[in-house]
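Given next are the chains, with one letter for each unit.
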Amino acid sequence: MTEQSLKAKFEIKELELNALLEITQAINNNLSEESLYKIYNFTLRSNLNIKKLALFVLDEEWSCKVCFGTTKVFTKAHLLPEFKTIQDITHLKHFKKCEFSVFDIIIPVTHKSTTLALVFVGGLEKGDPRYENEDGIKFVQALSNIIIVAIENKKLVRKQLVQESFRKELEIASDVQQFLFPDKLPNTPKLKIEASYLPHDMVGGDYYDYIPINKNQFLICVADVSGKGIPAALMMSNFQASLRTLLRQTPNIRDIVEALNFQVLENTKGEKFITFFAAIYDIRLRTMVYVNAGHNPPILIDRKNGMMLLEEGSTVLGAMHPLPFLNEGFVPDIDDFLLFCYTDGLTETVNEEGKEFGADWLTNYFQSEETFVKDLNTIHQDIIVALDTFKGIKGYHDDITILSCRVG
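I will try to describe carefully the structure that is included in this document. Per chain, the residues get numbers from 1 upward, laid out in the order the sequence is written. It should be noted that, the model being predicted, local features are given only for residues of pLDDT at least 70 and side-chain atom pairs only at 80 or more, the latter also being counted only at that level, while totals for whole chains, interfaces and linings use all residues. Neither water nor hydrogens contribute to the side-chain values; these are computed over all heavy atoms in the structure.

Across its full length, the protein holds nine helices and 16 strands. Buried positions account for 46% of the 408 residues belonging to the protein. By definition in these notes, contact holds between two residues if any of their heavy atoms fall within 4.5 Å. In the protein, once contacts between residues fewer than 6 apart in sequence are set aside, the share between residues at least 24 apart is 64%. Residue-level accessible areas treat just the shown protein chains as cover; the underlying method is Shrake-Rupley with a 1.4 Å probe. Of the roughly 21300 Å² of accessible surface on the protein, a fraction of 52% belongs to carbon and sulfur atoms. Put simply, DSSP marks the helices as runs of H or I at least four residues long and the strands as runs of E at least two long, and each gets a number from the N terminus on. Exposure categories follow from relative accessible area, calculated using a 1.4 Å probe and restricted to protein chains: below 20% of the type maximum is buried, above 50% is exposed, and the middle band is partly exposed.

In structure tokens, the structure reads:
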């Protein structure tokens, strides 16, 4: 080997070392992805004297991140399907003539069996010592690999930060939702209330409550907001706060529903709505006043008068203002009864044949005299077991809330 060729090899190795040092420093300085691509571009053009290059990287889709030395702009070019699975350095002559034929070789950057990036290199000349025994090409591959791995790590860190942020938001929303539900429900000889909540996810849009008004009156309610997840939980938290505030101002359930409707519409601009059932029972007067705003009709079983569905009320809250109609339901002379409320996740649970659980099973179940005397917890367990048996291997697709109240 001549002194001149040795000198040329030494200069190439020196350039490669400088390029490697520059790229490594850029990565250590935690530069942005855009900056790393710019340094990669400059290094290959200036330090390594690459004539033509296009770097395609797989994000959600393949896209060209670096391109130089060609008259065609490859930023909007589409890769051939056969390019995307290349695992070894490949010559373009093995492919049919296409827009990428201006390049000579394809250098893949891979991880296990996945191709992360493709480097199209062109302008190679025979006898160029940079590509003797493919050493120069291997170095381009190594340099590209360092850049792509660094950028993939950045993406991974960014994804982890987003996931962690979402996890914290989910925890907060879950805590918020837990505050929606009363800590304790009454369990006395005269008044018993039982609730079961089966969330579809960590957070949902169901709400139930028991609120004492005075020594003679209490309110019981159940609600369901359209949608799921964090927005639904936060919206229902606001709804609960509004309800409790309004109840301190007036025991008039009609006024409360009208005010809630206005607030929901103001907060959501008509994009979400809430189905709502609320009843106020007066122990001394033995009367129940209720409003059903587009909710599944609760079942009232009165020992004297039998079973009835509580359907009087209005349409869903938050869809329009004022409400097109608002009827107040009134049930007199009841002091020995069972009230069963639920959200539509119960009746809309689907089995393997695509059939809904429906309300008929509930109606038949509560028509039985045996059911009336059962413990509330036993009633809930009966319903949950029947629902699990019905759905089979199918999962629940919505939150399910069950709320029972027994007086007498």
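The next point concerns the pairing of strand β5 (residues 114–122). Most of β5 sits inside the fold, with eight of its nine residues counted as buried. Pairing geometry for strand β1 (residues 52–58) and β5, over six bridges, is antiparallel. The residue of β5 that forms the bridge with A54 is F120. At least two DSSP bridges between two strands are needed for those strands to be called paired. Direction of pairing for strand β4 (residues 105–111) relative to β5: antiparallel, over a ladder of seven bridges. Of the residues in β5, the one forming a bridge with P108 is L118.

Moving on, we get to the pattern of salt bridges. Put simply, a salt bridge is a Lys or Arg side-chain nitrogen that is within 4 Å of an Asp or Glu carboxyl oxygen. In the structure shown here, the tally under the stated rule is 14 salt bridges. Residues K304 and D333 are paired through a salt bridge, measuring 3.2 Å at the closest nitrogen-oxygen approach. Remark: D333 occurs in the loop between β14 (329–331) and β15 (337–342) and K304 occurs in the loop between β11 (299–302) and β12 (306–309); sequence separation between them is 29 residues. Under the relative-accessibility criterion, D333 is labelled partly exposed at 36%. Residues participating in the shared-partner salt-bridge network are D59, K65, E152 and K155.

Let us look at the pairing of β1. By the criterion of burial, β1 is predominantly enclosed, with five of the seven residues buried. The turn linking β1 back onto strand β2 (residues 62–68) is made up of three residues.

Once that is clear, we can look at the packing of aromatic side chains. Each aromatic pair joins two rings of Phe, Tyr and Trp (for Trp, the six-membered one) with centres within 6.5 Å, and gets the label stacked for planes under 30 degrees apart, edge-to-face for over 60, and tilted for any other angle. One pass over the structure, following the stated rule, counts 21 aromatic pairs. Between F83 and F100 the ring centres are 5.4 Å apart and the planes differ by 85 degrees, which places this aromatic pair in the edge-to-face class. Placement of the pair is F83 in the loop between β2 and β3 (90–91) and F100 in the loop between β3 and β4, with a sequence separation of 17 residues. Residue classification places F83 among the buried residues on the basis of a relative accessible area of 0%. Among the aromatic residues, ring-to-ring pairing joins F56, F74, F83, F95, F100, F103 and F120 into one connected group.

Here we come to the state of the cysteines. The disulfide criterion used throughout: a pair of cysteine sulfur atoms within 2.5 Å. Evaluated as defined, the whole model comprises zero disulfides. No disulfide involves C64; its sulfur sits 4.8 Å from the nearest other cysteine sulfur, which is in C67.

In short, geometric facts, not functional conclusions.
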